[in-house]
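Below, each chain spelled out in residue letters.
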Amino acid sequence: RVLIPSSLVRIQLPPPYIININCEEIIMDDKEKLINENKELCSKYPFLIPHNRFSDEVDLNYDYTYTELDDMPEGWRKKFGMQMLDELKQVLEEENNLEEFRILQIKEKYGSLRFYTNCCTEKISKLIHKYENISSTTCIKCGEPATVISTGWISPWCDECSKNIHGELIPVDVWFADEEDLI
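Presented here is an overview of the structure given in this document.

Each value, and the rule that gives it
- Residues numbered from 1 in each chain as written.
- Predicted model: local features only at pLDDT ≥ 70, side-chain atom pairs only at ≥ 80, totals over all residues.
- Heavy atoms only, no water.
- Helix = DSSP H or I, 4+ residues; strand = E, 2+ residues; numbered from the N terminus.
- Buried < 20%, exposed > 50% of the residue type's maximum accessible area, 1.4 Å probe, protein only.
- Contact = heavy atoms within 4.5 Å.
- Pairing = 2+ DSSP bridges.
- Axes fitted to C-alpha atoms, helices over the stretch in contact; angles between N-to-C directions.
- Parallel < 35°, antiparallel > 145°, perpendicular 65-115°, else oblique.
- Nonpolar A, V, L, I, M, F, W, Y, C, P; charged D, E, K, R; others polar.
- Polar contact = N/O pair within 3.5 Å; in protein donor to acceptor, adjacent residues only side chain to side chain.

What to know about the overall build of the protein
Thought 1: Each helix and strand in the protein was counted, giving five helices and seven strands.
Thought 2: Going from the N terminus to the C terminus, the protein shows its helices and strands as β-β-α-α-β-β-α-β-β-α-β-α.
Thought 3: Looking at the protein residue by residue over its 183 residues, the buried ones come to 37%.
Thought 4: Expressed as a percentage of contacts within the protein between residues at least 6 apart in sequence, the contacts between residues at least 24 apart total 47%.

What follows is the structure in structure tokens.
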């Protein structure tokens, strides 16, 4: 998204074409679309609604412009985000824990998914571990199979996405040569 000081942009093309774009309307349309998508997502997966970590309350000003899932890197979200949510919801329903379950944090750390929650049964732990392993060999940007791991900020990348990465890139099979439990 490009921020432009004026809300009305005039684009001059070769005569006789002139296009006027109202940027505020475009941004509002995008925001409304995002809010509607997030409301639908949160109605299906109530644990995506952000709660205060200490009081467990939902912020009174929460407007559905974000969910806990937004912190998952785009490539992983594309590749397995919805599948993970479906499986998690199924486990939570089986354990009768859907309403109490909270996601405390989703992030990338050392090249793999980190998924912190307020409770962790054996089934939930296995599910999270499964997707942490999958994330290690999935491109963080596009979701394709990772072929290299960047050093410095450790992240998995496919051949195409790694073209824009500066620094040392190590082949995935070399990086995980000592790992026994990687999927």
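There is more to say, and it comes next.
Overview of the environment of Trp-153
Thought 1: Along the polypeptide, Trp-153 turns up in the loop between β5 (148-150) and β6 (155-157).
Thought 2: Residues Trp-153 and Gly-111 lie 42 residues apart in sequence; the distance between their C-alpha atoms is 7.9 Å.

Re the sheet that holds strand β7 (residues 169-171)
Thought 1: One open sheet accounts for three strands, arranged β6-β5-β7; its pairing is antiparallel. Unpaired on one side and paired on the other, β6 and β7 mark the two borders of the sheet. Sheet twist, expressed as the average angle between the axes of neighbouring strands with direction ignored, equals 35°.
Thought 2: Sheet analysis places β5 next to β7, joined by three bridges and oriented antiparallel. Of the residues in β7, the one forming a bridge with Ser-150 is Leu-169.

Remarks on the packing of helix α2 (residues 74-94) against helix α3 (residues 122-136)
Thought 1: The interhelical angle for the contact between α2 and α3, taken along N-to-C directions, is 175°, at an axis separation of 10 Å. One element, α2, and the other, α3, form an angle in the roughly antiparallel class. When α2 is examined against α3, the residues Trp-76, Phe-80, Gln-83, Met-84, Glu-87, Leu-88, Val-91, Leu-92 and Glu-94 are found in contact with a partner set consisting of Lys-123, Ile-124, Leu-127, Ile-128, Lys-130, Tyr-131, Ile-134 and Ser-135.
Thought 2: Looking at side-chain class alone, the contact of α2 with α3 contains 11 nonpolar, two polar and four charged residues.

A short note on unusual backbone geometry
Thought 1: Residue Asp-56 is not a glycine yet carries a positive backbone phi of 70°.
Thought 2: Here Asp-56 is to be found in the loop between α1 (23-44) and α2.
Thought 3: Overall, the relative accessible area of 37% leaves Asp-56 in the partly exposed class.
Thought 4: A positive phi angle, close to 65°, is found at Tyr-64, a residue other than glycine.

Considerations on the side chain of His-51
Thought 1: By the secondary structure assignment, His-51 is in the loop between α1 and α2.
Thought 2: Within the structure, His-51 has its side chain in polar contact with the backbone oxygen of Ile-49 (distance 2.8 Å).

Geometric descriptors of this kind do not, in isolation, establish any biological role.
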